[in-house]
Amino acid sequence: MIRLKDVSKTYKKETHALVDVSLSVEQNEFVYIVGKSGSGKTTLIDLLYGKVKPNKGIVAVEEYFVNHLKSKHLCYLRRKLGVVFQDFRLLEHKTLFENIAYVLEVTGHHPSDIESKVMDALDTVNLKHKALDYPSDCSGGEQQRVAIARAIVHEPAVLIADEPTANLDPRTGFDMVKLLHKINQRGTAVIMATHNYSYIDRLPARVIELENGRVISDRSKNHVQLIINAKYGDFYVG
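Computed from a prediction, not measured in an experiment: that's the story for all the values here.

A. Local environment of the overall build of the chain. A count of helices and strands for the chain gives eight helices and ten strands. At 18 Å, the chain has a C-alpha radius of gyration in line with the 18 Å of a compact globule built from 238 residues. Its C-alpha atoms give the chain principal-axis dimensions of about 55 × 45 × 30 Å. Relative to its 238 residues, the chain shows a buried fraction of 51%. When contacts within the chain are restricted to residue pairs at least 6 apart in sequence, long-range pairs at least 24 apart make up 67% of them. Total accessible area on the chain stands at roughly 12,200 Å², and carbon and sulfur atoms take up 48% of it. Considering the chain, the positive charge centre built from 32 side chains and the negative charge centre built from 29 side chains are found 5 Å apart.

Written out as structure tokens, the structure is:
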């Protein structure tokens, strides 16, 4: 589904954001991308939906080679993806329903399908009752759930979340990660960048760790679970 091979990204002043990164993500996987600030997490996310292009290497998402896509064709790639940001990016003058419906309108969905799809997405994030409210009527956690609903309303193959809990309190943040796991269990691959390792302890999944733009570890869900069990004394791992 997603392939990166020997990918490097350098910004001006020779800042090496990613260095020779190779990895793959399969259908239905949940993957945490972790690392300290400046490790390359956001650059990796940006490469996946074509915001930036690599200086070297190949980025492929399903049938699209992102590094070869012209700007006018990025819309076709992004129809395969849902993207959630830490700052919500909702349109303040539109209701929650209208914020989500807008995605379907601009991608040419038939008007008769839009209402049911939007309400299904709101139901998934438990906000059907607020469909006619505005973002200013909602808490930060509710706004992020709307952002998730907007990202999944077109049933993407992959949901990408860049630090989606960064502006939320710990309890609300954990609820948000549980929601992402729920969406993953329905068949959507999820890639979540985070610096909060407590989510991994409580909701294990595959973990790719970056440091100074390089992949320094890639642990499967089972390996992560063994580490957590050892940490809390359930098993001894020699």
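B. How the structure looks around the nonpolar core. If you look at the biggest cluster of nonpolar residues, it comprises 44 residues, and the most contacted ones within it are Y32, V118, I148, L159, L180 and M192. Listed by contribution, the elements that provide at least two residues to this core are β3 (30-34), α3 (96-106), α4 (111-124), α5 (140-152), β7 (158-162), α6 (170-185), β8 (189-194) and α7 (198-202). If we skip the residues at most four places from it in the chain, Y32 touches V177, H181, M192, T194, Y199, I200, L203, P204, A205, R206, V207 and I208. In this structure, L4, V25, L69 and L77 belong to the second largest nonpolar core, which totals 33 residues.

C. Looking closely at the sheet that holds strand β10 (residues 214-219). In spatial order, the strands read β6-β7-β8-β3-β9-β10; together these six strands make up an open sheet with mixed pairing. With one partner strand each, in any of the chains shown, β6 (81-84) and β10 form the two edges of the open sheet. In this sheet, adjacent strand axes meet at a mean angle of 15° when their direction is disregarded. For β6 and β7, the ladder comprises four bridges, and the chain directions are parallel. The partner of V83 across the bridge, within β7, is I160. This element, α5, spans β6 and β7 of the sheet and lies at about 165° to β6.

D. Representation of the layout of surface pockets. The computed volume of the largest pocket comes to approximately 580 Å³. If you go around the largest pocket, you meet 19 residues; those closest to its centre are R78, L81, V83, V103 and R150. Among the secondary structure elements, those contributing two or more residues to the lining of the largest pocket are α2 (74-78), β6, α3 and α5. No other element matches the four residues that α3 contributes to the lining of the largest pocket. Broken down by class, the residue content of the lining of the largest pocket amounts to eleven nonpolar, four polar and four charged. The calculated volume of the second largest pocket comes to roughly 250 Å³. Looking at the second largest pocket, the residues that line it are K117, D120, A121, T124, I152, V153, E155, P156, I183, R186 and T188. At four residues, the largest contribution of residues to the lining of the second largest pocket is made by α4.

E. Geometry of the side chain of H181. For H181, the location among the structural elements is in helix α6. A polar contact of 3.0 Å, which involves the side chain of H181, links it to the side chain of Y32. In this structure H181 touches F30, Y32, L203, P204 and A205, once residues within four positions along its chain are discounted.

F. Quick peek at the pairing of β7. The buried fraction of β7 is high, at five of five residues. Residues of β7 alternate between two faces, with V158, I160 and D162 on one and L159 and A161 on the opposite face, all of them buried. Pairing analysis gives five bridges linking β7 to β8, with the strands arranged parallel. Residue V158 lies in a different strand from β8, and its bridge partner there is A189. In the classification by handedness, the crossover that spans β7, the intervening α6 and the parallel β8 is right-handed.

G. The arrangement of the packing of α3 against α4 in detail. Direction vectors running N to C along α3 and α4 enclose 125°, while the axes themselves pass 9 Å from each other. In terms of orientation, α3 and α4 fall into the oblique class. The way α3 lies across α4 gives a crossing that is right-handed. Residues F97, I100, A101, L104 and E105 of α3 pack against I114, E115, K117, V118, M119 and L122 of α4. Looking at side-chain class alone, the contact of α3 with α4 contains eight nonpolar, no polar and three charged residues.

What counts as what
Residues numbered from 1 in each chain as written. Predicted model: local features only at pLDDT ≥ 70, side-chain atom pairs only at ≥ 80, totals over all residues. Heavy atoms only, no water. Helix = DSSP H or I, 4+ residues; strand = E, 2+ residues; numbered from the N terminus. Rg over C-alpha atoms; globule rule 2.2 N^0.38 Å. Buried < 20%, exposed > 50% of the residue type's maximum accessible area, 1.4 Å probe, protein only. Contact = heavy atoms within 4.5 Å. Areas by Shrake-Rupley, 256 points an atom, 1.4 Å probe, with all protein chains shown as cover. Lys, Arg positive; Asp, Glu negative; His and termini not counted. Charge placed at Lys NZ, Arg CZ, Asp CG, Glu CD. Core = buried A, V, L, I, M, F, W, Y, C linked by side-chain atoms within 4.5 Å. Pairing = 2+ DSSP bridges. Axes fitted to C-alpha atoms, helices over the stretch in contact; angles between N-to-C directions. 1 Å grid on protein atoms, 1.4 Å probe; cavity = no way out; pocket = protein on both sides within 12 Å on 5 of 7 lines; lining within 4 Å. Points joined across faces, edges and corners; volume = space filled by probe spheres on them. Nonpolar A, V, L, I, M, F, W, Y, C, P; charged D, E, K, R; others polar. Polar contact = N/O pair within 3.5 Å; in protein donor to acceptor, adjacent residues only side chain to side chain. Right-handed = clockwise from strand over helix to strand, strands pointing away. Parallel < 35°, antiparallel > 145°, perpendicular 65-115°, else oblique. Left-handed = near helix turned anticlockwise from the far one by under 90°.

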